[in-house]
Amino acid sequence: MALFITFEGGEGSGKSAQSRVLYAKLTKQAIPVVLTHEPGGTPLGDKMSHLLKWTNDTDISPMTELLLFNAARAQLVTEIVKPSLKKGVIVICDRYADSSIAYQSYGRGLDLEIVKLVNHTATQGLKPDLTFLLNTPSEIGLARKKQQKQDRFERENLAFHQKVRQGYLKLAADESERWLVVDASQSKAKITKLIWQRVSELLPQRRV
Ligand code: TMP
C-alpha cells in the first residue's frame, strides 16, 4: 500500500498551494504520485462541486450538502484514490472526509456520528495515513479570499468558520498520530520544510 496524504484547513489557509508543492517535490524525485482534490477530482464530482459551491437560488439543506459531498467523494475514491494506491502510487488529496466532519458537523451542526457513518460508507473505510492541518485564524484566512468571487462557504459568517476551525483542531487532537498541525502564519518556505520533514519520515515505510 502506498501513502495516502490529505491536506485540510479553513478558507485561505494555503493548503492547496502546499499540496501542489509537495506533489512537485515528489515528482522531482521520480516518486509516483497523484494530486487530486475535493470536492470534485472526477468529471462527475466536478459537477457536484459546482452545485455545492455556486447554487444560489435554492437553500441546500445541511444533510443534502453532506450527501452531495459524499457522492462526489465515493466517485473519487473508486475512480482515483483506491486504484492509485493499489498501484503503489502516493495520493495527495486537497481536502477529504475530515472536511465533512469540520464543515457539515462542527460548522452546520449535523450529528457527528451520522457524518462519520456517511463518510465511512462513501470512502469504504479508507482513511489517510497522514493529514496536514494548515491552521490559521478564520478572519485572516477569509480576508485572503476577499478579493475573489465568493462561493457559498466563503460567504458564511465568521462564527461558522470559527466552528470549522475548532472542529479541525479537535479532530487533530483526537487522532494526533495521523495529523500534523502546521501554523499557517509561518513563511511558505518554513511550512513546506515542515511538511517535507514529516513526509520523508514516512517514505521509507512506503510499501510498493
Ligand atoms: P475549496 O475548493 O475552496 O476548498 O472549496 C470547497 C469548499 O467546500 C470549502 O469551503 C470547504 C467545503 N467543503 C465542505 O463543506 N465539506 C466537504 O466535505 C468538502 C470536501 C468541502
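Not measured: the values here are computed from a predicted model. (Residues numbered from 1 in each chain as written. Predicted model: local features only at pLDDT ≥ 70, side-chain atom pairs only at ≥ 80, totals over all residues. Heavy atoms only, no water.)

Q: How do you make sense of empty space enclosed by the protein when you look at a structure like this?
A: Taken as a whole and assessed by the stated rule, the structure comprises one cavity of 30 Å³ or more. In this model, the largest cavity occupies a volume close to 120 Å³. Taken together, 16 residues form the lining of the largest cavity, with G10, E11, T136, S138 and R165 sitting closest to its centre. Elements that contribute at least two residues to the lining of the largest cavity include exactly β4 (130–135), α6 (138–145) and α7 (158–174). Looking at which element gives the most residues to the lining of the largest cavity, the answer is α7, with four residues. Grouping the constituent residues of the lining of the largest cavity by class yields seven nonpolar, seven polar and two charged. (1 Å grid on protein atoms, 1.4 Å probe; cavity = no way out; pocket = protein on both sides within 12 Å on 5 of 7 lines; lining within 4 Å. Points joined across faces, edges and corners; volume = space filled by probe spheres on them. Helix = DSSP H or I, 4+ residues; strand = E, 2+ residues; numbered from the N terminus. Nonpolar A, V, L, I, M, F, W, Y, C, P; charged D, E, K, R; others polar.)

Q: Teacher, can you tell me more about the packing of helix α4 (residues 97–107) against α7 here?
A: The description of two helices packed together rests on the angle between their axes and the distance between the axes. Close contact between α4 and α7 brings their axes to 8 Å; oriented N to C, the two are set at 130 degrees. Classified by the angle between their axes, α4 and α7 sit oblique to one another. Where α4 crosses over α7, the handedness of that crossing is right-handed. In this structure, α4 uses D98, S99, I101, A102, Y103, Y106 and G107 to contact α7, whose residues at the interface are F160, K163, V164, G167, Y168, K170 and L171. Within the contact of α4 with α7, the residues separate by chemical class into eight nonpolar, three polar and three charged. (Axes fitted to C-alpha atoms, helices over the stretch in contact; angles between N-to-C directions. Parallel < 35°, antiparallel > 145°, perpendicular 65-115°, else oblique. Left-handed = near helix turned anticlockwise from the far one by under 90°. Contact = heavy atoms within 4.5 Å.)

Q: Looking at this structure, how should I read helix α8 (residues 188–202)?
A: What sets the pattern is the α-helix's 3.6 residues per turn: residues three or four places apart point alike. For α8, which comprises 15 residues, the first-to-last C-alpha distance of 22 Å matches the rise-based estimate of 21 Å (1.5 Å per residue) to within 8%. Taken as a whole, α8 has its buried residues at I191, T192, I195, W196, R198, V199 and L202. For α8, the angular spread of buried residues about the axis comes to 165 degrees, placing them on one side. Facing away from the buried side of α8 by more than 90 degrees, the exposed set consists of A189 and K193. Residues of α8 that are buried make contact with β1 (4–9), α1 (15–28), β4 and β5 (179–183). (Expected span 1.5 Å × (residues − 1). Buried < 20%, exposed > 50% of the residue type's maximum accessible area, 1.4 Å probe, protein only. Arc of directions from axis to C-beta.)

Q: Sorry if this is basic, but what is going on with the packing of aromatic side chains here?
A: Any aromatic ring pair is given by two values, namely how distant the centres are and how the planes are angled relative to each other. One pass over the structure, following the stated rule, counts seven aromatic pairs. Ring geometry for F7 versus F132: centroids 5.2 Å apart, planes at 35 degrees, classification tilted. Of this pair, F7 sits in strand β1 while F132 is found in strand β4, placing the two residues 125 residues apart along the sequence. Given the relative accessible area of 0%, F132 is considered buried. Connected via pairs of aromatic rings, a cluster forms that spans F69, Y103, F153, F160, Y168 and W179. Directly above the ring of W196 sits K25, whose terminal nitrogen or CZ lies 5.3 Å from the centroid. R152 extends its terminal NZ or CZ atom over the ring of F153, reaching a point 5.2 Å from the ring centre. (Phe/Tyr/Trp six-rings, centres within 6.5 Å; stacked < 30°, edge-to-face > 60°. Lys NZ or Arg CZ within 6 Å of the ring centre and 35° of its normal.)

By themselves, these observations are geometric and do not establish any function.
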